[in-house]
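Examination of the molecular architecture
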Amino acid sequence: MTILTVALKYLRGRLVATTLTAVSIALGVSLVVASVLLARGIKDGFIAGATDYKLVLGVVFRMDLATPNIEDTIYQSLHQDPRVETAVPIGVGDAFRGFRYVATNSAYFAAFPWRRKTFALAAGKFFADDPPSEPAYEAVLGAEAARSTGLQIGDRFYEGEEMAEYPLTVVGILRPTHSADDRAIFFSLPSYWGMNEVARGMAVKPLTAVLIRPKRMSDLPSLNRELNISADTQAVLPSAVLLTIFNMMAVAENVLKMILAIVGIIVLLYVFVAMYSATMERRREIATMRALGARRATVFGIILAESAGLATVGGVVGLLAGHAIAYLAGLVLGQSGLVTNPFLFNPFEPVVLVSVILLGTLAGLLPAVLAYRTEVAENLAPLS
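In what follows, the accompanying structure is described. Computed from a predicted model, the values in this text were never measured in an experiment. (Residues numbered from 1 in each chain as written. Predicted model: local features only at pLDDT ≥ 70, side-chain atom pairs only at ≥ 80, totals over all residues. Heavy atoms only, no water.)

1. Quick notes on the overall build of the protein chain
The number of helices and strands found in the protein chain is 13 helices and eleven strands. A separation threshold of at least 6 residues defines the contact pool for the protein chain, and within that pool the share at least 24 residues apart is 79%. Total accessible area on the protein chain is roughly 19500 Å²; 64% of this is exposed by carbon and sulfur atoms. (Helix = DSSP H or I, 4+ residues; strand = E, 2+ residues; numbered from the N terminus. Contact = heavy atoms within 4.5 Å. Areas by Shrake-Rupley, 256 points an atom, 1.4 Å probe, with all protein chains shown as cover.)

2. Let's talk about the packing of aromatic side chains
How two aromatic rings sit relative to each other is set out by the distance from centre to centre and by the angle between their planes. Scanning the entire structure with this criterion turns up eleven aromatic pairs. Ring centres of Phe96 and Phe157 lie 4.7 Å apart, and the angle between their planes is 50 degrees; on these two criteria the pair is classed as tilted. Taken together, the residues span a long stretch of sequence, with Phe96 in strand β3 (residues 84-96) and Phe157 in strand β7 (residues 156-157) at a distance of 61 residues. On the basis of relative accessibility, which here comes to 4%, the residue Phe157 falls in the buried class. Plain terms: the ring middles of Tyr108 and Phe119 are 5.6 Å apart, the flat faces sit at 45 degrees to each other, and that makes the pair tilted. With Tyr108 in the loop between β4 (99-104) and β5 (121-124) and Phe119 in the loop between β4 and β5, the pair connects residues that are eleven residues apart, well separated along the chain. (Phe/Tyr/Trp six-rings, centres within 6.5 Å; stacked < 30°, edge-to-face > 60°. Buried < 20%, exposed > 50% of the residue type's maximum accessible area, 1.4 Å probe, protein only.)

3. Details of the side chain of Ser30
By the secondary structure assignment, Ser30 is in helix α2 (residues 15-50). Judged by its relative accessible area of 3%, Ser30 is buried. Polar side-chain contacts of Ser30 include one of 2.8 Å to the backbone oxygen of Leu27. (Polar contact = N/O pair within 3.5 Å; in protein donor to acceptor, adjacent residues only side chain to side chain.)

4. So, a negative patch on the surface
Where like charges cluster on the molecular surface, the negative patch consists of Asp94, Glu159, Glu161 and Glu162. Classification of Glu162 by relative accessible area gives exposed; the value is 59%. (Patch = residues over 30% accessible without salt bridge, like charges linked within 9 Å, V, L, I, M, F, W, Y side chains within 5 Å. Salt bridge = Lys/Arg side-chain N within 4 Å of Asp/Glu carboxyl O. Lys, Arg positive; Asp, Glu negative; His and termini not counted. Charge placed at Lys NZ, Arg CZ, Asp CG, Glu CD.)

5. Some words on the layout of surface pockets
In this structure, the largest pocket occupies an estimated 570 Å³ of space. Mapped onto the lining of the largest pocket, the elements with two or more residues apiece are α2, α8 (238-281) and α11 (348-363). (1 Å grid on protein atoms, 1.4 Å probe; cavity = no way out; pocket = protein on both sides within 12 Å on 5 of 7 lines; lining within 4 Å. Points joined across faces, edges and corners; volume = space filled by probe spheres on them.)

6. Points about α11
Its 16 residues give α11 an end-to-end C-alpha distance of 22 Å, which sits within 8% of 22 Å, the value for a rise of 1.5 Å per residue. Taken residue by residue, α11 has Phe348, Glu349, Val352, Leu353, Val356, Gly360 and Ala363 as its buried positions. Each buried residue of α11 sits inside an arc of 140 degrees when the element is viewed along its axis, so together they form one side. Residues of α11 that are exposed and point over 90 degrees away from its buried face: Val351, Leu358 and Leu362. (Expected span 1.5 Å × (residues − 1). Arc of directions from axis to C-beta.)

7. Quick notes on the pattern of salt bridges
If the charged atoms of two oppositely charged side chains come close together, the side chains can form a pair. As enumerated under the stated definition, the model contains five salt bridges in all. One salt bridge in this structure joins Glu85 and Arg213, with 4.0 Å as the shortest N-O distance. Of the two residues, Glu85 is situated in strand β3 and Arg213 in strand β11 (residues 209-214); the sequence distance between them amounts to 128 residues. The class for Arg213 is buried, based on a relative accessible area of 16%. For Asp219, the salt bridge is made with Arg216, and the minimal N-O distance between the two is 3.0 Å.

8. Details of unusual backbone geometry
Phi is positive for Arg97, close to 55 degrees, though the residue is something other than glycine. Looking at the element boundaries, Arg97 is found in the loop between β3 and β4. Positive phi outside glycine occurs at Tyr137, with the angle close to 55 degrees.

9. Overview of a nonpolar patch on the surface
Residues Val251, Val255, Leu256 and Ile259 make up a contiguous nonpolar surface patch of roughly 320 Å² in combined accessible area. Among the secondary structure elements, Leu256 is positioned in helix α8. Judged by relative accessible area, which is 31%, Leu256 ranks as partly exposed.

10. A short note on the environment of Asp72
Along the chain, Asp72 turns up in helix α3 (residues 72-80). Exposure remark for Asp72: the relative accessible area of 14% places this residue in the buried category. Separated by 136 residues in the primary sequence, Asp72 and Thr208 place their C-alpha atoms 9.4 Å from one another. Setting aside residues no more than four positions away along its own chain, Asp72 makes contact with Trp193, Val204, Lys205 and Leu207.

11. Concerning the nonpolar core
One finds Leu78, Phe157 and Ile185 to be the most contacted residues of the largest nonpolar core, which totals 35 residues. Take this core: its biggest share by element is four residues, from helix α5 (residues 189-195). Not counting residues up to four positions away in its chain, the partners in contact with Leu78 are Val84, Ala87, Val210, Ile212, Leu223 and Leu227. By size, the runner-up hydrophobic cluster in this structure holds 19 residues, among which are Ala22, Leu37, Ala311 and Ala363. (Core = buried A, V, L, I, M, F, W, Y, C linked by side-chain atoms within 4.5 Å.)

12. Section: the pairing of strand β8 (residues 168-174)
When a strand is regular, its side chains alternate between the sheet's two faces. Most of β8 sits inside the fold, with six of its seven residues counted as buried. As paired elements, β5 and β8 share three bridges and run antiparallel to each other. Note that in β8 the partner of Leu121 across the bridge is Leu174. Sheet analysis places strand β6 (residues 138-141) next to β8, joined by four bridges and oriented parallel. For Val140, the partnering residue across the bridge sits in β8 and is Gly172. In this sheet, β8 lies alongside β7 in antiparallel orientation, the contact comprising two bridges. Bridge pairing in β8 places Phe157 opposite Leu168. (Pairing = 2+ DSSP bridges.)

Here's what the structure looks like:
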């Protein structure tokens, strides 16, 4: 029998203790993995949602119900400004079964070379840019909105009886983007204004936000200053907001690292105590092995193999559980579009697994030394 075979036999012989030890390791590893994946996912979600456009009038993540407070004439002037490469109007309205209405134009979905996010259709087509006097009431659904509502191409829908005269027709369904757009229902601005009783009677139509990308970064300060000194607008720099958010997250991450370090130490102590207790309980058995010809190095290797085996099983299960926890947490946080795909592999994971195996083996080092030093005569003496 090989050292590994004997070690596995011993682990199966105390199945309950083995399972509890492996589970404790898995819990510690899963907390580390889930924390890192979620932190990365949240950061990536913020970056993907806010950094394509260098200046924003209004909201980006649609986490609340914003009011239309920007006149369409402001967008028109920005669209014609020679300093602006792209200006995208946004109108955020009510919701259908919890999925926010977002009105915009075709520029929102355009595949600009500087965009991190790519919009692709899973079915149907994009809505057309209607003339203001002829809204088509065509809608394109984000992937999660389509999945949850069950709406298909050609379906007509509306929220509340007061909107029965302005039903939207599904003409397209987007592929997942892992952002807030997955939970949005998109349609044209003329449709948005036609559905809104107040907007229908306004000569100058309202908007909620305008996304702006200047042609040159040197134009950004002047655009920001002009929009902020105006009484009608207020602009923000997404990069500055993200820096503040990331600084706040860094403090939370440092606290989390301290907590995870304490958890790791507790797990290592648990492994050590488990292996130490098992070695002490098996002193007579180890002495019998020695009497039958087993070398000290063989006994030493069996104990280390047990520790390494426990750490390996716990580490692998912990990696899988960490992804599962991150995925479930991502589903909750993903309702705001702040988490990207938490199932993506992270290069740090092999390092975590190897570290867990090494530390788990190290935790079994002292019990292995005790087994190595076990004396045959003392431990095979008749029990009094």
